[in-house]
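As a plain string of letters, each chain reads:
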Amino acid sequence: KQLLFMVSHRFGSIENGFESFFGLDDAVTRLNFVYGISDGFNISVSRSSFQKIYESSIKYRLVNQKENGFPFTIVGYHSLLINTALEKDNLPKLEFKHRLGYTAQILISRKIDTNLSLEFAPTFFHDNYVMVNDQDNSQYALGLGGRYKLGKRWSLNMDYGWHLNRASESPFKNPFSIGVDLETGGHVFQMHFTNAQAMNTNGFLGQATGDWGDGDIYFGFNLTRIFN
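Treat the numbers as computed from the prediction; the structure is a model and nothing was measured.

**A few points about the environment of Pro-71**
Within the element layout of this structure, Pro-71 appears in the loop between β4 (53-63) and β5 (73-83). For the pair formed by Pro-71 and Ile-112, sequence separation is 41 residues and the distance between their alpha carbons is 9.3 Å.

Right under this line is the structure:
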């Protein structure tokens, strides 16, 4: 019965330096509302300026980790998105169905000890329109993530997405992100560097354009507020 409101920003690549003021001129923003129907089930709606995407999702807990019992928490996640940036002038055969994308994930996590938590996320996502000619519409990835608490209110976070059937000619990369969380009362402030500017699952896993090796990365932050 709580409402979570998250404002997320991903600036443009810092690689361009002062030309784009280290990415400030090319920022994208996402507004996301998440409501807890019950202790183990929530729904969300969001809008991102990246490809002008509207998205809705559900998330539900299947199994909870228990001390001296089941060793993992398992959660299901499903989303539906609409890409409203596609234009018929550029795509004469464009239909509404081409704007749609879908995601299905199983999130398998374990709290190792007081400070360390790890997550494994087998993911299926499908885009009815893909930008790379030989890319399958249905795509598969394995997400890996971890969180280590540096203090009572600070934590270090990392995640990586391993795309399993990316087209050989695709310009996109596997996403890798590293950042920190700061908890301040009812707010959580997250700061991170990533090579993916998109914030929805399909874009994050399927359309990461940056390259850590070239310094082509994005700074971003999320600000979260919970309303009881």
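Anyway, onward from the coordinates.
**Describing the pairing of strand β1 (residues 3-13)**
The buried fraction of β1 is high, at 8 of 11 residues. Where β1 lies against strand β12 (residues 218-227), 9 bridges are found, and the strand directions are antiparallel. Bridge assignment links His-9 to a residue of β12, and that residue is Phe-221. Two elements, β1 and strand β2 (residues 28-38), share 8 bridges in a ladder whose sense is antiparallel. The partner of Leu-4 across the bridge, within β2, is Val-34.

**Examining the packing of aromatic side chains**
The description of an aromatic ring pair rests on the distance of the ring centres and on the angle between the ring planes. The tally for this structure, following the rule as stated, stands at 8 aromatic pairs. On the numbers, 6.1 Å between centres and 45 degrees between planes, the contact of Phe-11 with Phe-221 is tilted. Here Phe-11, found in strand β1, pairs with Phe-221, found in strand β12; they are 210 residues apart in sequence, far enough to count as distant. Just as Phe-11 is buried, Phe-221 falls in that class too.

Conventions adopted
Residues numbered from 1 in each chain as written. Predicted model: local features only at pLDDT ≥ 70, side-chain atom pairs only at ≥ 80, totals over all residues. Heavy atoms only, no water. Helix = DSSP H or I, 4+ residues; strand = E, 2+ residues; numbered from the N terminus. Buried < 20%, exposed > 50% of the residue type's maximum accessible area, 1.4 Å probe, protein only. Pairing = 2+ DSSP bridges. Phe/Tyr/Trp six-rings, centres within 6.5 Å; stacked < 30°, edge-to-face > 60°.

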